[in-house]
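Survey of secondary and tertiary structure
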Amino acid sequence: MSLQKRILGRTGWEVSVIGFGAIKLPRISQRECDRLLHQALDEGINFFDTADCYGDSEEKIGRAIGVRRKEFYLSTKIDERDERGVTQKLERSLRRLKTEFIDLVFFHDVRGDEYEALFEKGGLWALQRAREQGKLREIGISIHHSVSMMIAAIRSGVFSALMVAYSALDEDRLSAHVLSLAAREGVGLIAMKPLAG
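These lines cover the structure that appears in this document, whether it is placed above or below. It should be emphasised that the depicted structure is a prediction, and the values quoted were computed from it without experimental measurement. (Residues numbered from 1 in each chain as written. Predicted model: local features only at pLDDT ≥ 70, side-chain atom pairs only at ≥ 80, totals over all residues. Heavy atoms only, no water.)

What follows covers the overall build of the chain. Within the chain, the regular secondary structure consists of 7 helices and 9 strands. Scaling as 2.2 N^0.38, a compact globule of 197 residues should have a C-alpha radius of gyration of about 16 Å, and the chain matches this with 16 Å. With respect to the three principal axes, the spread of C-alpha positions in the chain is 40 × 40 × 30 Å. In the chain, buried positions account for 49% of the 197 residues. Within the structure as shown, the chain displays about 10000 Å² of accessible surface, and the carbon and sulfur contribution to it stands at 50%. Each charge sign in the chain was given a centre, from 30 positive and 29 negative side chains, and these centres are 3 Å apart. (Helix = DSSP H or I, 4+ residues; strand = E, 2+ residues; numbered from the N terminus. Rg over C-alpha atoms; globule rule 2.2 N^0.38 Å. Buried < 20%, exposed > 50% of the residue type's maximum accessible area, 1.4 Å probe, protein only. Areas by Shrake-Rupley, 256 points an atom, 1.4 Å probe, with all protein chains shown as cover. Lys, Arg positive; Asp, Glu negative; His and termini not counted. Charge placed at Lys NZ, Arg CZ, Asp CG, Glu CD.)

Right, let's get into the side chain of lysine 77. Looking at the secondary structure, you find lysine 77 in strand β5 (residues 73–78). For lysine 77, a relative accessible area of 1% gives the class buried. Reaching out from lysine 77, the side chain makes a polar contact with the side chain of tyrosine 54 at a distance of 3.3 Å. Discounting chain neighbours no more than four positions away, the residues touching lysine 77 are Asp49, Thr50, Ala51, Asp52, Tyr54, Phe106, His108, Ser142 and Met163. (Polar contact = N/O pair within 3.5 Å; in protein donor to acceptor, adjacent residues only side chain to side chain. Contact = heavy atoms within 4.5 Å.)

Right, let's get into the packing of helix α3 (residues 83–97) against helix α5 (residues 123–132). Packing of α3 against α5 brings their axes to within 7 Å, and their N-to-C directions diverge by 40°. By the criterion of interaxial angle, the relationship of α3 to α5 is oblique. The chirality of how α3 crosses α5 is right-handed. Residues Glu83, Val86, Thr87 and Leu90 of α3 pack against Gly123, Trp125, Ala126, Leu127, Arg129 and Ala130 of α5. Its residues assigned to classes, the contact of α3 with α5 shows 6 nonpolar, 2 polar and 2 charged. (Axes fitted to C-alpha atoms, helices over the stretch in contact; angles between N-to-C directions. Parallel < 35°, antiparallel > 145°, perpendicular 65-115°, else oblique. Left-handed = near helix turned anticlockwise from the far one by under 90°. Nonpolar A, V, L, I, M, F, W, Y, C, P; charged D, E, K, R; others polar.)

Let us now look at the pattern of salt bridges. Tallying each qualifying case throughout the model produces 16 salt bridges. With a closest N to O distance of 2.9 Å, aspartate 52 and lysine 89 form a salt bridge. Taken together, the positions of aspartate 52 in the loop between β4 (47–49) and α2 (57–65) and lysine 89 in helix α3 put the pair 37 residues apart, joining distant regions of the chain. Each member of the pair, aspartate 52 together with lysine 89, is buried. For the salt bridge of lysine 135 with glutamate 91, the shortest nitrogen-to-oxygen distance reads 2.5 Å. (Salt bridge = Lys/Arg side-chain N within 4 Å of Asp/Glu carboxyl O.)

The next thing to look at is the pairing of strand β9 (residues 188–192). On β9, burial follows the alternation: Gly188, Ile190 and Met192 on one face are buried, whereas Leu189 and Ala191 on the facing-out side are not. Sheet analysis places strand β8 (residues 161–165) next to β9, joined by 5 bridges and oriented parallel. Following the sheet pairing, alanine 165 is matched in β9 by methionine 192. (Pairing = 2+ DSSP bridges.)

Moving residue by residue along a regular strand, the side chains alternate between the two faces of the sheet. In terms of residue burial, strand β6 (residues 102–107) counts as a mostly covered element, since 6 of its 6 residues are buried. Relative to β6, β5 runs parallel, the two being bridged by 4 bridges. Each residue of the ladder has a partner; that of lysine 77, found in β6, is phenylalanine 106. Note that the unit made of β5, α3 and β6 has a crossover that is right-handed. Here β6 runs beside strand β7 (residues 136–143); their pairing, made up of 5 bridges, is parallel. Of the residues in β7, the one forming a bridge with phenylalanine 107 is isoleucine 141. (Right-handed = clockwise from strand over helix to strand, strands pointing away.)

Listed below in structure tokens is the structure:
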């Protein structure tokens, strides 16, 4: 089986239209996880997303499919905003995921004045430095609710991907303006909570 793929913004990556969100992996055993993740790969899913705060999700992914690392794009999310915190969490994620690099690292669930903090407290600089060192390929941002913050992130030019809460079951908070702006700026959009959580 081959899932439909689309280009993720300016990354140029061909990613499956259905990705694997790994927030629930802590609820199952490693054995079940191994079977599930290998089946996902075999079915054509080539984008796996986790986060440093999803329990043992990163470790389970690393153990389960680390040996097939060249077959998929891997993203994780970091909930720190300052240089030191971001650097420490990134190094921990690399160890847990058993990989030398992560394709896409998101700033996780950015809200309120945290957006400015990414720039002012060195978090963004830490990821840019890590990218130069080959520890990650692209930088993204995850924003759950604020459309104005999404627009600012798209226009900033520093994020290759934007993860947003988007569902056909929800009121459509993302106007055509946001979607078309992302397309024009080459920012890939990834929908989380497609079944409204």
